[in-house]
Amino acid sequence: MVYCFYFMHTKENTMNLCDLNNIRTLLGRHGFHFSKAMGQNFLIDASIPQAIAEHCGADENCGVLEIGPGIGCLTEQLARRAGQVVSVELDRRLLPVLEETLSEYENVSIVSGDIMKLDIAALVDTHFSGLTPLVCANLPYNITTPVLSALIDSGRFQRLTVMIQKEVAQRICALPGTADYGAFSLYMQFYTQPELLFDVPPDCFTPQPKVTSAVLRCTARKAPPVDVADVPFFFQVVRAAFALRRKTLLNALSAAFGSRLRKDELSALLDACGFSPTVRGETLGLAEFARLTAHLQAALKH
Ligand code: SAH
């Protein structure tokens, strides 16, 4: 019995980083206090980081970028699976903590900095040469959408597995015609195939967030789902359609492009797209927006 206990302890060399007492002792020793501004909610249910790391599908051929390791509970799960892990942490007070909790993992690099200010593509190219780049993170919720956009715009990642606010995950996965559907749904669905994997309730964290969380997996598309000649213009049209959400598409487009196209021209253009004159932008999918973009672009060239 005693031997068995001892054996288990040496094999599982690390302490349980999701145990609330361990977290309190560790953070107390380092004089750490949680910062709301930095979106700090640490996981206290060990099954969650394990499940997230498992779902991200990392193996020794993958380089995983993590944002916001906290005390390293997810980082450790990633380090056990991936070839390399790079973890970007904004809060310098956590650096000595991470040095302690992750000391045994040689494939982990902690980068001290703000993910919003780093050159993500350069970071990947420097650290993950020859590896398949993935993202896996429990994101700071206050910067979820800009971080996801920056990660996708870097054009580097094959898959992003992130824990975010459930409401945002639902918006990302939303289908046309639903209340959650918006410009960000179209952006995410254009570049990736998003799947909402599972919910994580507030009592899995310390301190508890006010919202329910969810784990979202976004698999990068190998090719765009629809033909779009000018992608920035496509998203300009999408944003215009949702800027005046309660108005008809005709009025929304008129507000955005009225200085260059008359209303009757826009009306004829919607007709040529096969849309009803009173259609709302929120009912259109990727294919319809692609068609609209092509017609608008042709009309604006005249
Ligand atoms: N992964 C940990 C902690 C998640 S809390 C866990 O699941 O327990 C969010 C983490 O993101 C915190 O460690 C916070 O300090 C960090 N963070 C907040 N803003 C950041 C930014 N702009 N860049 C990098 N890390 C950030």
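What this report covers is the structure whose coordinates are included nearby. A quick note: this is a predicted structure, and the numbers were derived from the prediction, not measured. (Residues numbered from 1 in each chain as written. Predicted model: local features only at pLDDT ≥ 70, side-chain atom pairs only at ≥ 80, totals over all residues. Heavy atoms only, no water.)

1. Looking at the packing of helix α9 (residues 183–191) against helix α10 (residues 231–243)
No. 1: Contact geometry for α9 and α10: axes closest at 9 Å, N-to-C directions at 150°. In terms of orientation, α9 lies roughly antiparallel with respect to α10. Residues Ala-183, Leu-186, Tyr-187, Phe-190 and Tyr-191 of α9 form the contact with α10, whose own contacting residues are Val-231, Phe-234, Phe-235, Val-238, Arg-239 and Phe-242. (Axes fitted to C-alpha atoms, helices over the stretch in contact; angles between N-to-C directions. Helix = DSSP H or I, 4+ residues; strand = E, 2+ residues; numbered from the N terminus. Parallel < 35°, antiparallel > 145°, perpendicular 65-115°, else oblique. Contact = heavy atoms within 4.5 Å.)

2. Comments concerning the packing of helix α7 (residues 144–153) against α9
No. 1: Two numbers describe how α7 lies on α9: the axes approach to 11 Å, and their chain directions differ by 30°. Between α7 and α9, the angle is such that the two are roughly parallel. Crossing handedness for the pair α7 and α9: left-handed. The segment α7 lies against α9, with Thr-145, Leu-148, Ser-149, Ile-152 and Asp-153 engaging Phe-184, Tyr-187, Met-188 and Tyr-191.
No. 2: Per-class residue counts for the contact of α7 with α9 are six nonpolar, two polar and one charged. (Left-handed = near helix turned anticlockwise from the far one by under 90°. Nonpolar A, V, L, I, M, F, W, Y, C, P; charged D, E, K, R; others polar.)

3. Brief notes about the site of the ligand
No. 1: Around the ligand, 23 residues are found, and the nearest of them are Leu-43, Gly-68, Glu-89, Asp-114 and Asn-138.
No. 2: A distance of 2.9 Å separates a nitrogen atom of the ligand from a polar backbone atom of Gly-68.
No. 3: At 2.9 Å, a side-chain N or O of Asp-114 approaches a nitrogen atom of the ligand.
No. 4: Isolated, the ligand exposes 570 Å² of accessible area, and the fraction of that covered by the protein chains is 98%.
No. 5: Of the residues assigned to the shell around the ligand, the class counts are 12 nonpolar, seven polar and four charged. (Near = heavy atom within 4 Å. Polar contact = N/O pair within 3.5 Å; in protein donor to acceptor, adjacent residues only side chain to side chain. Areas by Shrake-Rupley, 256 points an atom, 1.4 Å probe, with all protein chains shown as cover.)

4. Some thoughts on the sheet that holds strand β7 (residues 192–200)
No. 1: The mixed open sheet is built from seven strands, whose spatial order is β4-β3-β2-β5-β6-β9-β7. The open sheet has two free edges, formed respectively by β4 (108–112) and β7, since each of these has just one partner strand. Neighbouring strand axes in the sheet, compared pairwise and without regard to direction, differ in orientation by 20° on average.
No. 2: Summarising the sheet, strand β6 (residues 159–165) and strand β9 (residues 213–220) pair through seven bridges and their orientation is antiparallel. When the bridges of β9 are listed, Met-163 appears paired with Val-215.
No. 3: The strands that helix α6 (residues 120–127) touches are β2 (62–67), β3 (84–89), β4 and β5 (132–138); relative to β3, the one it contacts most, it runs at about 150°. (Pairing = 2+ DSSP bridges.)

5. Topic: helix α12 (residues 263–273)
No. 1: For α12, the full list of buried residues reads Leu-266, Leu-269, Leu-270 and Cys-273. One side of α12 carries all its buried residues, which in axial view fall inside an arc of 100°. Exposed residues pointing more than 90 degrees away from the buried face of α12 are listed as Asp-271 and Ala-272.
No. 2: Where α12 is buried, its residues touch α11 (249–257) and α13 (286–301).
No. 3: Phi turns positive one or two residues past the end of α12, at Gly-274, with a value near 85°. (Buried < 20%, exposed > 50% of the residue type's maximum accessible area, 1.4 Å probe, protein only. Arc of directions from axis to C-beta.)

6. Points about the pairing of β5
No. 1: Counting buried residues along β5, six of its seven residues qualify, which places the element largely inside the surrounding structure.
No. 2: The pairing of β2 with β5 spans four bridges and is classified as parallel. When the sheet's bridge partners are listed, Leu-65 is paired in β5 with Val-135.
No. 3: In the sheet, β5 pairs with β6 via five bridges, with the strands oriented parallel. Its bridge partner lying in β6, Cys-136 is registered against Thr-161.

7. So, the packing of aromatic side chains
No. 1: Counting across every chain of the model gives 14 aromatic pairs.
No. 2: Between Tyr-181 and Phe-242, the ring centres sit 5.8 Å apart and the planes meet at 75°, which makes this aromatic pair edge-to-face. Residue Tyr-181 is located in the loop between α8 (166–173) and α9, and its partner Phe-242 is located in helix α10; the two are separated by 61 residues in the primary sequence. Per residue, the accessibility class of Tyr-181 equals that of Phe-242, and both read buried.
No. 3: Geometrically, the ring pair formed by Tyr-191 and Phe-235 is stacked, given 6.0 Å between the ring centres and 20° between the ring planes. With Tyr-191 in helix α9 and Phe-235 in helix α10, the pair connects residues that are 44 residues apart, well separated along the chain. (Phe/Tyr/Trp six-rings, centres within 6.5 Å; stacked < 30°, edge-to-face > 60°.)

8. Some details on the side chain of Asp-91
No. 1: Structurally, Asp-91 can be placed in the loop between β3 and α5 (95–101).
No. 2: On the basis of relative accessibility, which here comes to 3%, the residue Asp-91 falls in the buried class.
No. 3: Among the polar contacts listed, one links the side chain of Asp-91 to the side chain of Gln-40, at a separation of 2.8 Å.
No. 4: Sequence-distant contacts of Asp-91, defined by excluding residues within four places in its chain, comprise Phe-32, Met-38 and Gln-40.

9. Things to note about the nonpolar core
No. 1: Within the largest apolar cluster, 62 residues are counted, with the highest numbers of intra-cluster contacts made by Leu-65, Phe-289, Leu-292 and Leu-296.
No. 2: If sequence neighbours within four positions are ignored, Leu-65 has contacts with Val-86, Val-88, Ile-115, Ile-120, Leu-123, Phe-128, Leu-134, Val-135, Cys-136, Leu-151 and Phe-157.
No. 3: Of all hydrophobic cores here, the second largest spans 36 residues; its members include Val-85, Val-97, Val-200 and Phe-205. (Core = buried A, V, L, I, M, F, W, Y, C linked by side-chain atoms within 4.5 Å.)

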